[in-house]
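Descriptive analysis of the structure
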Amino acid sequence: MRLIGIPASAVQRAKAKADEMGLLNNSITSGHGNVAGFVGEEVARFVMGGTEKNTFDYDLILDDGSRVDIKTKRTKAKPQPHYDCSVAAYNTRQDCDLYAFVRVHNDLKIAWFLGVYPKDAYYRDARFLRRGEVDQANNFTVKADCYNLSIDKLYTFSACCQRRRKTQNMTP
């Protein structure tokens, strides 16, 4: 987990993008998380590099061609290793290679880059929860069907890149 200070210029860019985008279909927070989501994308691009794309399927393309979808949650406090990262069940068909997870403090001044997880393994390893179900890991009532994985299960960005290179080298 990496703490990142968020410059005012990143927040301004995020607000402009949120205004331009408007309300997304299936938004769990009815658009209230859009600015934080775009701040999360700025944070992930700062940590991972790559080129911003903002498609339905992914948000970044890394230098090796990997497509990354960034999942951001807002928070009031420093995330703990047992906290969950979530991917909504309606996003399972996104055509990406990696998920990157970010938590943005409600004041938009700091964020935590939590780590990454390969999409092909995420749904195998995550817990599926239905809307209205209480997650026994944190006593949170789930707002939409989702797949949750705890922060302590995520890979650091560098470890995931090494793992992907090894996998790519072993494939003929």
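See the structure above.
Attention here is on the structure that accompanies the text. (Residues numbered from 1 in each chain as written. Predicted model: local features only at pLDDT ≥ 70, side-chain atom pairs only at ≥ 80, totals over all residues. Heavy atoms only, no water.)

**Concerning the side chain of Gln94**
Relative to the elements of secondary structure, Gln94 occurs in the loop between strand S5 (84–88) and strand S6 (98–105). Judged by its relative accessible area of 4%, Gln94 is buried. Looking at Gln94, its side chain comes within polar contact range of the main-chain oxygen of Phe56, at 2.7 Å. At 3.4 Å, the side chain of Gln94 forms a polar contact with the side chain of Asp69. Excluding residues within four positions of it along the chain, Gln94 makes contact with Phe56, Asp57, Asp69, Lys71, Tyr99 and Lys119. (Helix = DSSP H or I, 4+ residues; strand = E, 2+ residues; numbered from the N terminus. Buried < 20%, exposed > 50% of the residue type's maximum accessible area, 1.4 Å probe, protein only. Polar contact = N/O pair within 3.5 Å; in protein donor to acceptor, adjacent residues only side chain to side chain. Contact = heavy atoms within 4.5 Å.)

**Re helix H1 (residues 8–21)**
For H1, spanning 14 residues, the distance from its first C-alpha to its last is 20 Å, which sits close to the expected 20 Å at 1.5 Å a residue. Every buried residue belonging to H1 is among Ala10, Val11, Ala14, Lys17 and Ala18, and all of these are buried. Projected down its long axis, H1 shows its buried positions confined to an angular sector of 125 degrees, all on one face. For H1, the exposed residues set more than 90 degrees away from the buried face come down to Ala8, Gln12, Asp19 and Glu20. The elements touched by buried residues of H1 are helix H2 (34–48) and strand S2 (51–52). (Expected span 1.5 Å × (residues − 1). Arc of directions from axis to C-beta.)

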